[in-house]
Each structure stands twice: as C-alpha cells, then as structure tokens.
Amino acid sequence: LNVRGKKTTRGSGPSGKPKIHNKQHNSKGAAKEAARQAGQGKPMHHSDGNKKGHFHPVNKKGEKVTGGKEGGVHYRYGPAPNKKDKKKKRRGEL
C-alpha cells in the first residue's frame, strides 16, 4: 500500500494516514518477550538511554520485520508518551 506518499503494509486509519503500531508494556522484559513472540529470534532494541525505549521483532536472519502483520511494530516500555508533549516536540517547542 502507498498511503500519502509513505509505503506501509498496515493500511490506513480513519484519517487516511498510515496506522501506527505502538504497543506499550509495563516493563522492559514484557516488551522484549512480546517482540520475541512476534518475531523469529532475539528482538532488536532501540533505546533513548533514559529508561525508555522499544523493541522490534526480527526475522530468522536477525533483520527487523518490516512487512506483514508485525511490520514496523514498536513494543515500547517505560513511561507512556504524553500526547501533548508529542505535539510540542513536532513543533520544535521541546
């Protein structure tokens, strides 16, 4: 699918923008296990170094899964992001 210039395998939401997949977990271990279950090996870890981060499921070759149902899903841990802060960050206010 090509939604508003972005290629995605997840389709579009009600606004016409691509669906964003973020699954929030209470702990780093829970997020890692969920990503491991969704993939085929040790999950890929991305961290901001500040007790927040996320995991991606990987395929048998250890590459991030980008297609199919689990393509691009972020298995997040740490404090859930605040929607107001996300808007401020996009505008460059943070």
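What counts, and at which threshold
- Residues numbered from 1 in each chain as written.
- Predicted model: local features only at pLDDT ≥ 70, side-chain atom pairs only at ≥ 80, totals over all residues.
- Heavy atoms only, no water.
- Buried < 20%, exposed > 50% of the residue type's maximum accessible area, 1.4 Å probe, protein only.
- Helix = DSSP H or I, 4+ residues; strand = E, 2+ residues; numbered from the N terminus.
- Pairing = 2+ DSSP bridges.
- Contact = heavy atoms within 4.5 Å.
- Axes fitted to C-alpha atoms, helices over the stretch in contact; angles between N-to-C directions.
- Salt bridge = Lys/Arg side-chain N within 4 Å of Asp/Glu carboxyl O.
- Polar contact = N/O pair within 3.5 Å; in protein donor to acceptor, adjacent residues only side chain to side chain.

J.: An account of the pairing of strand S6 (residues 74-77) is requested, with residue identities and associated values reported.
T.: Both faces of the sheet carry side chains from a regular strand, because those side chains alternate between them. Side chains Tyr75 and Tyr77 of S6 all project onto a buried face; the interleaved residues His74 and Arg76 project onto a face where none is buried. Where strand S3 (residues 22-24) and S6 come together, 3 bridges link them in parallel fashion. Residue pairing in the sheet places Asn22 in a bridge with His74 of S6. Examined bridge by bridge, strand S5 (residues 53-56) and S6 share 3 bridges and lie antiparallel to one another.

J.: Go over the side chain of His56, please, and point to the residues and values.
T.: Mapped onto the elements of the fold, His56 is located in strand S5. Setting aside residues up to four positions removed in sequence, His56 forms contacts with Ala35, Pro43, Met44, His46, Lys64, Val73 and His74.

J.: Could you give me a rundown of the sheet that holds S3, with the residues and numbers involved?
T.: Read from one edge of the open sheet, 4 strands run S3-S6-S5-S4, paired in mixed fashion. Strands with a single pairing partner mark the edges of an open sheet, and in this sheet they are S3 and strand S4 (44-47). Shown here is a sheet whose adjacent strand axes are inclined to one another by a mean of 25°, direction ignored. Each of S4, S5 and S6 is contacted by helix H1 (residues 28-38), which is oriented at about 165° to S6, the strand it contacts most.

J.: Report on the pattern of salt bridges, specifying residues and quantitative values.
T.: Under the counting rule described, the total for this entry stands at 1 salt bridge. When the shortest N-O distance is used, the salt bridge between Arg36 and Glu33 registers 2.7 Å. Of the two residues, Arg36 and Glu33 both sit in helix H1, 3 residues apart, roughly one turn of that helix.

J.: Before we move on, could you go through the side chain of His54 and cite the residues and values that matter?
T.: By the element assignment, His54 lies in strand S5. On the basis of relative accessibility, which here comes to 13%, the residue His54 falls in the buried class. A polar side-chain atom of His54 sits 3.2 Å from a polar atom in the side chain of His56.

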